[in-house]
Amino acid sequence: MDKSKDRNILYTAKGEPRGYIEPKEISELWFNTGTKCNLQCSFCFEKSSPIANRLLSINLQDVKPIIDEFVDGGGKRFGFTGGEPFVNQNFLEILNYALDRCPCLVLSNGTKPLENSFTEVLKLKQKPYALSLRISIDSPIEEVHDKERGVGNFKIAMKMLKKLLDAGFEVSVAGRDDSLRDSYQQLFQSIGISKNIPLVFFPELDEVGGTPEITTNCMTTYKTEEERLSFMCNYSKMVVKTELGIGIYACTLVDDDKDYDLGTSIDEAMKKKIILKHQRCFSCFASGVSCGG
């Protein structure tokens, strides 16, 4: 074993024991469908694009055993993210199988891949468990949204949002500026959406050096036991596929670090202590990030 690497994992730069989470019970399981996306946004922490292949596209054969293990162990909900899930040609087959087992939440940019799949998505209304979708709308101002997403994609996302609601799906919106909540609701009303749509805003994730390190003392001094249980890595995991195969990672935010690959089964993954050394762990510590919303 590389003792210097092991020490870096377990101790901060000042030699203090790092904070950690010992998972208790998993209730939520995420799948990254692959980092391919029809868009290429500069702020995407997955660095997704039409040619991105850091994370490979999953198929039903890859994930079926994990889906079954999760459900048999009492798991409550699946989540799907990417990339853009509807770019993955295997995704509807996976979703069709998953909705026989648990409710599913899909994160989507709401553009052409979803529009092209909409007829098949409508058929999923007949499944035993509910499908809900979260559509990314960066701003209630069309020009601001389209600056990153591409001209015309705001209109497509708004059209798909309304079509999903009209079809009876539960829909939420992921935004980037919490101060614009009222503007979002005014926008929705302007296109004939009367209900208040749930809005989810994520804090900016730390991507640069200098992020404060989390010590064991930080966790016990500033976080109660109940707050520690609310950390995503306690109750949630994410399945990804790399050139090495399928891995179950500690959470949705750390799939760029192989130290968070916890194995190939839920049972194996839940036995491992999560050391809070990733720079995004501080965002979770400070703001309570949860992809489930």
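Scroll up to find the structure this text is about.
Remember, predicted model here, so these are calculated numbers, not experimental data. (Residues numbered from 1 in each chain as written. Predicted model: local features only at pLDDT ≥ 70, side-chain atom pairs only at ≥ 80, totals over all residues. Heavy atoms only, no water.)

A. Seen up close, the layout of surface pockets. Of the voids in this model, the second largest pocket is the one considered here, and its volume is about 230 Å³. Together, Gly19, Tyr20, Ile21, Glu22, Lys24, Thr216, Met219, Thr220, Glu225, Arg228, Leu229 and Asn234 line the second largest pocket. For the lining of the second largest pocket, the elements supplying multiple residues, two or more each, are β1 (20-21), α8 (216-222) and α9 (225-229). Looking at the lining of the second largest pocket residue by residue, the classes come out as 4 nonpolar, 4 polar and 4 charged. (1 Å grid on protein atoms, 1.4 Å probe; cavity = no way out; pocket = protein on both sides within 12 Å on 5 of 7 lines; lining within 4 Å. Points joined across faces, edges and corners; volume = space filled by probe spheres on them. Helix = DSSP H or I, 4+ residues; strand = E, 2+ residues; numbered from the N terminus. Nonpolar A, V, L, I, M, F, W, Y, C, P; charged D, E, K, R; others polar.)

B. Structural detail: the environment of Ile191. If you trace the backbone, Ile191 turns up in the loop between α7 (181-190) and β7 (199-201). Using a relative accessible area of 28% as the deciding quantity, one classes Ile191 as partly exposed. A C-alpha to C-alpha distance of 22 Å links Ile191 and Leu107, two positions 84 residues apart in sequence. When neighbours within four sequence positions are excluded, Ile191 is seen to be in contact with Met158 and Lys162. (Buried < 20%, exposed > 50% of the residue type's maximum accessible area, 1.4 Å probe, protein only. Contact = heavy atoms within 4.5 Å.)

C. A look at the side chain of Asp257. Residue position: Asp257 is located in the loop between β9 (245-249) and α11 (266-270). On the basis of relative accessible area, Asp257 is assigned to the buried category, the value being 16%. One polar contact links the side chain of Asp257 to the main-chain amide nitrogen of Asp259, over a distance of 2.9 Å. Among the polar contacts made by the side chain of Asp257, one reaches the side chain of Lys277 at a distance of 2.7 Å. Residues contacting Asp257, with those up to four places away along its chain left out, are Tyr249, Lys277 and His278. (Polar contact = N/O pair within 3.5 Å; in protein donor to acceptor, adjacent residues only side chain to side chain.)

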